[in-house]
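# Secondary and tertiary structure notes
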Amino acid sequence: TRILLTGGSGFIAAHVLDILLEHGHSVVTTVRSQEKANKIKEAHPNVGKDKLDFAIVEDIAQEGAFDKAVVSEPAFETVIHTASPFHFNVTDVQKELLDPAIIGTTGILKSIKKSAPSVKRVVITSSFASIVSAAKGNAPGYVYSEEDWNPITHSEALKDPSSGYRASKTFAEKAAWEFVETEKPNFTLATMCPPLVLGPIVHYLNSLDALNTSNQRIRDIMQGKAKNEIAATGVYLWTDVRDLALAHVLAMEKPEAANKRFFVTAGHFTNKQIAQIIEKNFPQYKDVLPTESTPGGDFPEEGIYQYNNKRVTDVLGIKFKSLEESIVDTVRSLQAVGA
Ligand code: NDP
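Owing to the predicted nature of the structure, the values given are computational and were not obtained by experimental measurement.

## Some words on the overall build of the chain
Along the chain, the regular secondary structure elements total ten helices and twelve strands. For 339 residues, the compact-globule formula gives about 20 Å, and the C-alpha radius of gyration of the chain, at 20 Å, lands near that figure. With respect to the three principal axes, the spread of C-alpha positions in the chain is 60 × 45 × 40 Å. Taking all 339 residues of the chain together, the buried fraction comes to 46%. Of the contacts formed within the chain by residues at least 6 apart in sequence, a portion of 80% connects residues at least 24 apart.

Right under this line is the structure:
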């Protein structure tokens, strides 16, 4: 299949790209600069231009940003849209988080409808952020599933960057489903809703300082930042990046994934468990790690929400990796960039 993958320089997209190539697909991936394209190309020296090519899309928040990228020869059959800002280093939530997420999503769908009628399936990387409700709190006993939508409003979104990020994912995914309903395009949609994504980074795009947001807590624990107090876990569900990447690819390959949301989660975790796994597998970090009596990083005393990931296992057949395997592989990948 011929696929357009957006945001190919991202943490998750790098794994999606690897699996697409393993499955024999032909991929054009968008990146923001030629320099990033070159790095990805160099990391896949034996892959020809027919299997891996690039399109430059500097800013997905611009109207029509994808008009050129969606057109290719041979024509695309699938689009996987992962590009969206995921960091909290913003001063203007509207411009830096909401606009690229929402306009990026509606923009690519409009471009596909207008100029790429051969596209039959679109897979979008949404998030547990579009499922979880801040008002529910720890919600012990509550079971989150694909039925749930984050009720966040636009004015709540503007309060702070983390609300802004959660709203950006919620509004973008809602806009995608609305587009399909009102515009009745040629394609069906599938959305991926993962919580915190952990797992190995590809070395050619990364440095320890410019690490993707979701792995930063592992780096921080390795660097001794949890020695005296472990940071609050925040979101208590996780998934491994390789399982999530495979879910993206299966959601494009399987007809039965059409018009479904997927809550892609392996289960619960805490920052304390991450520290314990690092200590067990990498004794060299013992001196900088917290001990059994270090405060923080545990589940809330009252308990925490539950999850239903049955659709992902039933429809996509994903078998989730364990937290231990994920953390061990992540630590090794961080060591490879100098941790
Ligand atoms: P990364 O920051 O590694 O990837 C984000 C990608 O989006 C990068 O390729 C980035 O390009 C691109 N991007 C961001 N803003 C723009 C823009 N304005 N114009 C063009 N490209 C842009 O993060 P992840 O891989 O973790 O995130 C990928 C997707 O997964 C996002 O949609 C995110 O919301 C979602 N997600 C991630 C989770 C996680 O825990 N990691 C959890 C749930 C969902 P560049 O690097 O060049 O700026």
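Still to come is the rest of the account.
## Brief notes about the sheet that holds strand 3 (residues 52-56)
On the basis of which strands lie adjacent, the open sheet formed by seven strands has the order 3-2-1-4-5-7-10 and parallel pairing. Looking along the sheet, the strands with just one partner apiece sit at the ends: strand 3 and strand 10 (260-262). Neighbour to neighbour, the strand axes of the sheet diverge by 20° on average, direction disregarded. Sheet topology places strand 5 (residues 121-125) next to strand 7 (residues 188-192); five bridges connect them, and they run parallel. Each bridged residue has a counterpart across the sheet, and for Thr125 the counterpart in strand 7 is Met192.

## Structural notes on the sheet that holds strand 9 (residues 237-240)
Spatially, three strands are ordered 8-9-11 in an open sheet, and the strand pairing comes out mixed. Only two strands of the sheet have a single partner each, and these edge strands are strand 8 (196-198) and strand 11 (267-268). In this sheet, strand 11 lies alongside strand 9 in antiparallel orientation, the contact comprising two bridges. Looking at the pairing, Leu237 lines up with His268 of strand 11. Sitting on the sheet, helix 7 (residues 241-253) touches strand 8 and strand 9, and the angle it makes with strand 9 is about 75°.

## Some details on helix 7
For helix 7, with 13 residues, the first-to-last C-alpha span of 18 Å sits near the 18 Å given by 1.5 Å per residue. Judged by how many residues are buried, helix 7 sits mostly within the fold: twelve of 13 residues are covered. Looking only at helix 7, the buried set comprises Val241, Arg242, Asp243, Leu244, Ala245, Leu246, Ala247, His248, Val249, Leu250, Ala251 and Met252.

## With respect to unusual backbone geometry
A cis amide bond links Glu73 with the next residue in sequence, Pro74, at an omega value of -5°. Topologically, Pro74 is positioned in the loop between strand 3 and strand 4 (78-81). Notably, Lys184 is not glycine yet its phi reads approximately 45°, a positive angle.

## Description of the UniProt feature "domain: NAD-dependent epimerase/dehydratase" (unreviewed entry) in the chain
Here, UniProt's "domain: NAD-dependent epimerase/dehydratase" (unreviewed entry) annotation points to residues 3-259. Structurally, residues 3-259 is divided into 35% helix and 15% strand, and its ends, taken at the C-alpha atoms, are 18 Å apart.

## Notes on the nonpolar core
In terms of nonpolar packing, the biggest core is built from 96 residues, with Leu5, Val16, Ala247, Ala251, Phe262 and Ile278 touching the most fellow members. Excluding residues that lie within four positions of it along the chain, Ala247 makes contacts with Met192, Phe262, Val264, Val312, Leu316 and Ile318.

## Considerations on the packing of helix 8 (residues 271-281) against helix 10 (residues 323-335)
Between helix 8 and helix 10, the least distance of the axes is 10 Å, while the angle of their chain directions is 65°. Between helix 8 and helix 10, the interaxial angle falls into the category roughly perpendicular. Viewed along their axes, helix 8 and helix 10 form a crossing whose handedness is right-handed. Counted together, Gln273, Ile274, Ile277, Ile278 and Asn281 of helix 8 and Leu323, Glu324, Ile327, Val328 and Val331 of helix 10 form the full contact between these two elements. Class assignment for the residues of the contact of helix 8 with helix 10 results in seven nonpolar, two polar and one charged.

## Quick look at the site of the ligand
Not every one of the 25 residues close to the ligand is listed here, only the nearest: Gly7, Gly10, Phe11, Ser84 and Ser214. Among the secondary structure elements, those contributing two or more residues to the shell around the ligand are helix 1 (11-22) and strand 8. With three residues, the single largest contributor to the shell around the ligand is helix 1. Residue composition of the shell around the ligand, grouped by class: 13 nonpolar, nine polar and three charged.

## Concerning the pairing of strand 7
Extensive coverage of strand 7 is indicated by the burial of four of its five residues. With three bridges connecting them, strand 7 and strand 10 associate as parallel partners. Within strand 10, the position partnered with Thr191 by the bridge is Arg261.

The rules behind the values
- Residues numbered from 1 in each chain as written.
- Predicted model: local features only at pLDDT ≥ 70, side-chain atom pairs only at ≥ 80, totals over all residues.
- Helix = DSSP H or I, 4+ residues; strand = E, 2+ residues; numbered from the N terminus.
- Rg over C-alpha atoms; globule rule 2.2 N^0.38 Å.
- Buried ≥ 20, exposed ≤ 12 C-beta atoms within 10 Å, placed from the backbone.
- Contact = placed C-beta atoms within 7 Å.
- Pairing = 2+ DSSP bridges.
- Axes fitted to C-alpha atoms, helices over the stretch in contact; angles between N-to-C directions.
- Expected span 1.5 Å × (residues − 1).
- UniProt positions renumbered as here; feature names shortened; annotations may be inferred.
- Core = buried A, V, L, I, M, F, W, Y, C linked by C-beta atoms within 7 Å.
- Parallel < 35°, antiparallel > 145°, perpendicular 65-115°, else oblique.
- Left-handed = near helix turned anticlockwise from the far one by under 90°.
- Nonpolar A, V, L, I, M, F, W, Y, C, P; charged D, E, K, R; others polar.
- Near = placed C-beta within 6 Å.

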